[in-house]
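# Coordinate inspection notes
Here is how the chains run, residue by residue.
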Amino acid sequence: MMRCVLIVLMFLLLLGCQKGEAPDSGAGKASGKAEAQGPVKGDTLIMGSIGDASNLLPVLASDASSSDISGLVYNGLVRYDKDLRFEGDLAESWEISEDNLTFTFHLRKGVKWHDGAPFTSADVLFTYELLIDPETPTAYADRYLQVAAASAPDPYTFVVRYDKPLASALISWGFSIHPKHLLEGVEITRSPLSRSPVGTGPYRFVEWLPGEKVVLESNPEYYEGQPNIKRIVYRVIPDESTMFLELKAGGLDYMGLSPLQYARMTDSESFKERFNKYRFAAFAYTYLGYNLRHPLFKDKRVRQALAHAINKQEIIDGVLLGLGQVATGPYKPGTWPHNPDVKRYEFDPEKAKKLLAEAGWTDSDGDGLLDKDGKKFTFTIVTNQGNDQRTKTGEILQRRLRDLGIEVKLRVIEWASFLKEFINPGNFEATILGWTVPIDPDAYNVWHSSKTGPGELNFIGFSDPEVDELLEKGRRTLDIEERRAYYHRFQEILAEEQPYNFLYVPEALPVVAGRFKGIEVAPAGIMHNLIDWYVPLDEQKYAR
Amino acid sequence: MLRYLSRRLLMMFPMMLGITLISFVVIHLAPGEPTDLQTQLNPETSVELKERLRSQYGLDKPLLVQYGDWLWRLVQLDFGRSFSQDHRPVGEKVLERLPITIGINVLSIALILLVSVPIGILSATRQNSWFDRFTTVFVFIGFATPSFWLALLLMDALGVRMALLPISGIKSMGHEYLGPVEQLWDVLRHLILPVFVSAFGGLAGFSRYMRSNMLEVIRQDYILTARAKGLSEGAVVYSHALRNALLPVITILGLSVPALIGGSVIFETIFAIPGMGKLFYDGVMMRDYPLIMGVLVIGAFLTLVGNLLADLGYALADPRIRNA
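Residues numbered from 1 in each chain as written. Chains lettered and ligands numbered in written order. Predicted model: local features only at pLDDT ≥ 70, side-chain atom pairs only at ≥ 80, totals over all residues.

### Observations regarding helix α7 (residues 147-161) of chain B
Owing to its 3.6 residues per turn, the α-helix brings residues three or four apart onto one side. In a regular helix each residue adds 1.5 Å, so 15 residues correspond to 21 Å; α7 of chain B covers 20 Å between its end C-alpha atoms and thus fits that length. Of all the bends found along α7 of chain B, the most pronounced is centred on Met155 of chain B and spans about 25 degrees. The complete set of buried residues in α7 of chain B reads Ala151, Leu152, Met155 and Gly159 of chain B. Against the buried residues of α7 of chain B lie α7 (240-249) of chain A together with α8 (180-218) and α12 (265-271) of chain B. Remark: Ala163 of chain B follows α7 of chain B within two positions and exhibits a positive phi of approximately 50 degrees. (Helix = DSSP H or I, 4+ residues; strand = E, 2+ residues; numbered from the N terminus. Expected span 1.5 Å × (residues − 1). Bend = angle between axes of the 7 residues up to and from the residue. Buried ≥ 20, exposed ≤ 12 C-beta atoms within 10 Å, placed from the backbone. Contact = placed C-beta atoms within 7 Å.)

This is the structure we're talking about:
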């Protein structure tokens, strides 16, 4: 009996042990001067992430979760500003030689790594050598393999020379610079920096609990000034619905909403008081790709007819609840490469029928299906499992084409098998897929006729000599106006030929807790000025 | 007994070998490769780069050579390094997640037993009573309810609207600042919903099994004898009938040993719990061969051990088997 009492007493004593005050000290610190204050430091931003990061060394990781985090820990030499123009990051300025072959970067002085060591051009040279090293399992080596020579003549100058002009050369130096003094001589896949990175960026790494969260803290020595928000935490919540519940309960401050959540579940007064929603076009598009080697799709009139038979706005309204825009080409509307004046195909089933009849497809036996030379017009659309939007798009397409007399089957296949068995060997009829749109318009790898081999990206087999020439010229010129002319003509040809039916550009739908001020929607999204976001003192939620 | 035991233990080696060989071949039958994640549909990679990555992982060697390499490492208790982008040792990745999965499974089975054994006994002794019918409906509702749907409903009700319980994860944000006892309580609070939802679905199976076992036992002659002797109902049911009805439960428990390390990926995704289910599922999707093989080997080993323990337990509990 006495022993039980003693044990209980010990337990109660242990209750008193704490490391300090609880982090959530509430919003009770009324200062009464909220509006008059400018940016203040403090508070924590908790972001929701569907997947855990895999590796925080940028050279080794290619998933979005890892790059979101390492984007805050590292810097490159240059970057895009909020209007998608080049600006210097670790490079204060740079010169490009007359022949566009040599780039000279003048690096910022006084920048320090998170462990205090100074940043110099030796780190840039080291990063380059790491990228081209055959022992480094990186997916990014290609552009750097085109460098003829790289050198660091003094600690704040980095010079790189190419054999042929490369338009995407400049932005390729936006790649995160890695610390030489911590990675030299170490086998890169065994480096502890994969799990605890050291960079020069606005946020320092604090801890990573695998599968749970990554914690970053603001860097007081950051060259642009210490960010206002003291801590950023990435919480791993693999399920979209759970993430939304956590947001509502206050456990998250930021997440990307699905169209359904944005349009139907976030309009209550209380939600609008606590959160701010944003919407802007994403750098991506979804398309219906035709296998151009297949006899059905060899005739341009058939592809154009299908374009008239599909109502893109209906798909946007049905699948995205209106949160997207019609796509006409492989570039994002509003950006400089985009050509808004290309041929459009309005929804006109009669015109579609006429074009198909011209190509020889009519309903000669009256069974409701089109046929030609005794064969019925039927094909299969394949898409990948796990993307609800693509499946729904396929269903809408199926219905519209059925109205026309074309029977469409839809097959949904697991990703790796989908690529291995159908896409890479060119063993499909049509597919619904999407691409992310890089800011640099070089589309060589996806549209050039030399890239039609198995496993390459021009898996529909598109080949047009004029397009080939435009793409080659476009990637070798650095002059923006010249490139714009090439890429505009390129889009005109794509619109005429319809090798893809470009369906829609979805919108990004981030939502942020209302206490964060300073958020600005720009062509680059909302994360471009993260270091300037702040929370007024009396609204700060987390004291640590 | 000792001879039986040693024979069973020796048999485990060829069985493990067979299991690993079949698993290895079957995984490689699926299309796709570990390097696909980085190289497929990526405009920045070339065919040469893909080949380079493949040889770095040893994927260009013939299948049997790859199996031999893996087996040789396994014998030295080295599970190899994951082919996913973090390149971490498989053993480390598994050990990180094993405790939480085993913890949740153990708590869940304990809860199931705690609830279904009494339900089973009472339903059997009061067959067709109001209690029996009510619990039958109740456990079948539990069985039929999709667990993810129930989870979301409870999360919304208890987590968002009433703010009584945490919604996801196994620790709260400020966990590291709490004292040791509060930390334990924090974890337990997070586990309430997952364990409850997981147990709710499993109640039906166990309680019905208990019930039918008890019914069978109660009709035996020796129970009649016990009652005729004048023993109290409690003694009849709990000292005599229950012991015999529990025997098959041991077998079931033995067979659930491999299930202890298997998490449900749907469950873990909903509750954002970093467990074995998600680890294995992601590994399969990414074709992370060393990880998949590591988890399968542990699972196979535990299945064989569990079987052995179940057989031994049965022999210990039932003298008729022991002396046969």
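### Considerations on the interface of chain B and chain A
Every contact between the two is made by 46 residues of chain B and, on the other side, 48 residues of chain A. When grouped by side-chain class, the residues that make up the side of chain B that touches chain A number 19 nonpolar, 17 polar and 10 charged. (Nonpolar A, V, L, I, M, F, W, Y, C, P; charged D, E, K, R; others polar.)

### So, the confidence of the model for chain B
For chain B, the mean per-residue pLDDT works out to 85, and 97% of the residues sit at or above 70. ipTM for the predicted complex: 0.82, alongside a pTM of 0.84. (pLDDT = per-residue confidence, 0-100.)

### Section: the sheet that holds strand β4 (residues 91-96) of chain A
Pairing between sheet strands relies on hydrogen bonds along the backbone, with the strands arranged either parallel or antiparallel. Residue and element names in this part refer to chain A. Pairing is antiparallel in the open sheet, where four strands are placed in the order β4-β5-β7-β6. Edge positions in the open sheet fall to β4 and β6 (147-154), since each of these has one partner strand only. Ignoring strand direction, the axes of neighbouring strands in this sheet form an average angle of 15 degrees. Strand direction decides the pairing type here: β4 and strand β5 (residues 102-107), joined by five bridges, are antiparallel. Considered in β5, the bridge of Glu95 is made with Thr104. In the packing of helix α3 (residues 121-132) onto the sheet, contacts are made with β5, β6 and β7 (157-162), and the angle to β6 comes to roughly 160 degrees. (Pairing = 2+ DSSP bridges. Axes fitted to C-alpha atoms, helices over the stretch in contact; angles between N-to-C directions.)

### A short note on unusual backbone geometry
Residue and element names in this part refer to chain B. For Leu77, which is not a glycine, the phi torsion comes out positive at approximately 60 degrees. Tracing the backbone shows Leu77 in the loop between α4 (63-75) and α5 (90-125). With 7 C-beta atoms counted inside 10 Å, the residue Leu77 sits in the exposed group. One non-glycine residue, Ala163, lies in the positive phi region at around 50 degrees.

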